[in-house]
Amino acid sequence: MVKAIVSGAAGRMGGRIIHMIHQNPDIELAAALERPDHPAVGSDAGTSAGIGELGVPISGSLAEVVDKGDVLIEFTTPEATVANLRTAVEKGLAVVIGTTGITGAMLEEVQDLAKRVRCVMAPNMSVGVNVMFKIAGLMAEILGPDFDMEILEVHHRFKKDAPSGTAMKLAQILAQATGRDLEKVATYERKGLIGERPKDEIGIQTWRAGDIAGEHTVLFGGMGERLELIHRAHSRDNFARGAVRAAIWVVEQPPGLYDMQDVLGLKK
Ligand code: NAP
């Protein structure tokens, strides 16, 4: 039985992950944590997640509970993720990182630390989106330069980072499949007299509204026809289920940095 520590336990994803762990006979909730001054610290993680008391109090720091688990599931903020990953590396804890918006020097540190433990890091843990990652690159390759490529991501009003990690991963896949440098060809917004669309451009647009769990569209626009690849998450449960699947998988792996394509066996 895999013992999981859920970080960000009182957050939107943390609650759904605790729910999915509770339904899965191969994994149990060993500990839960939040930032030290969070009002949920001391309360029961199951009650906070809406599934009734589990006898697991929410702790205010990873250091207090690190010895209780085999794997840390981290869906928090970039700052918290880096700090908790440092502790996990010291203690040899496996890690699943779902946090998005980690960029620059912080991303370099996370990638470096993550290789020293068993770690799955993925901006989107849903099975459907990971199949989309695989197909999007193939479509870009087949359709070639005559088709313009645009990405649209739509999320709830509370999301803190933009564009979504999933949209950025899709953009990287499209750029790689067509031999482009994403830094040079990405366009995030358009306004005014912008002129004709440059041939190599990859557009990445963001909408934020209401409680939308997550939608991603890749549009391939040709002359006289277009193709659209769309993924719509109906709730957060598909991400939570994927995170739990990754946690059970990663504890059996040798040290290294993995993604959901590894977990789902899509790299063949
Ligand atoms: P959220 O509701 O804001 O939850 C994040 C939780 O982490 C909050 O309760 C937050 O507390 C807590 N937190 C902050 N600092 C912490 C610390 N030092 N230690 C422990 N917990 C801490 O956000 P969410 O919607 O659950 O999303 C969390 C992250 O997961 C985001 O980056 C989001 O983009 C990402 N995400 C990834 C996937 C995927 O499949 N990979 C899917 C959905 C979301 P406060 O609110 O008090 O700061």
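Only a predicted model underlies this, so the values are computations on that prediction, with no experimental measurement involved.

(A) Representation of the site of the ligand within the structure. Around the ligand sit 24 residues, and of these Met13, Glu34, Arg35, Thr100 and Met125 come closest. The separation between a nitrogen atom of the ligand and a polar main-chain atom of Pro123 is 3.0 Å. Note that an oxygen atom of the ligand is positioned 3.4 Å from one of the side-chain N or O atoms of Lys160. The fraction of the free accessible surface of the ligand (910 Å²) that becomes covered by protein chains is 83%. Here the shell around the ligand spans two domains, since at least three of its residues come from each of domain 1 (2–121 + 236–263) and domain 2 (127–233).

(B) Focus on the pairing of strand E5 (residues 94–97). Going residue by residue along E5, you find Ala94 and Val96 tucked away on one face and Val95 and Ile97 tucked away on the opposite face as well. Bridging between strand E4 (residues 71–74) and E5 involves four bridges; their strand directions are parallel. Among the inter-strand pairings, Glu74 is bridged to a residue of E5, identified as Ile97. With helix H4 (residues 78–91) bridging E4 and the parallel E5, this β-α-β connection has right-handed handedness. Pairing between E5 and strand E6 (residues 118–121): three bridges, direction parallel. Among the inter-strand pairings, Val96 is bridged to a residue of E6, identified as Val120.

Criteria and cut-off values
- Residues numbered from 1 in each chain as written.
- Predicted model: local features only at pLDDT ≥ 70, side-chain atom pairs only at ≥ 80, totals over all residues.
- Heavy atoms only, no water.
- Near = heavy atom within 4 Å.
- Polar contact = N/O pair within 3.5 Å; in protein donor to acceptor, adjacent residues only side chain to side chain.
- Areas by Shrake-Rupley, 256 points an atom, 1.4 Å probe, with all protein chains shown as cover.
- Domains from an automatic or database assignment.
- Buried < 20%, exposed > 50% of the residue type's maximum accessible area, 1.4 Å probe, protein only.
- Helix = DSSP H or I, 4+ residues; strand = E, 2+ residues; numbered from the N terminus.
- Pairing = 2+ DSSP bridges.
- Right-handed = clockwise from strand over helix to strand, strands pointing away.

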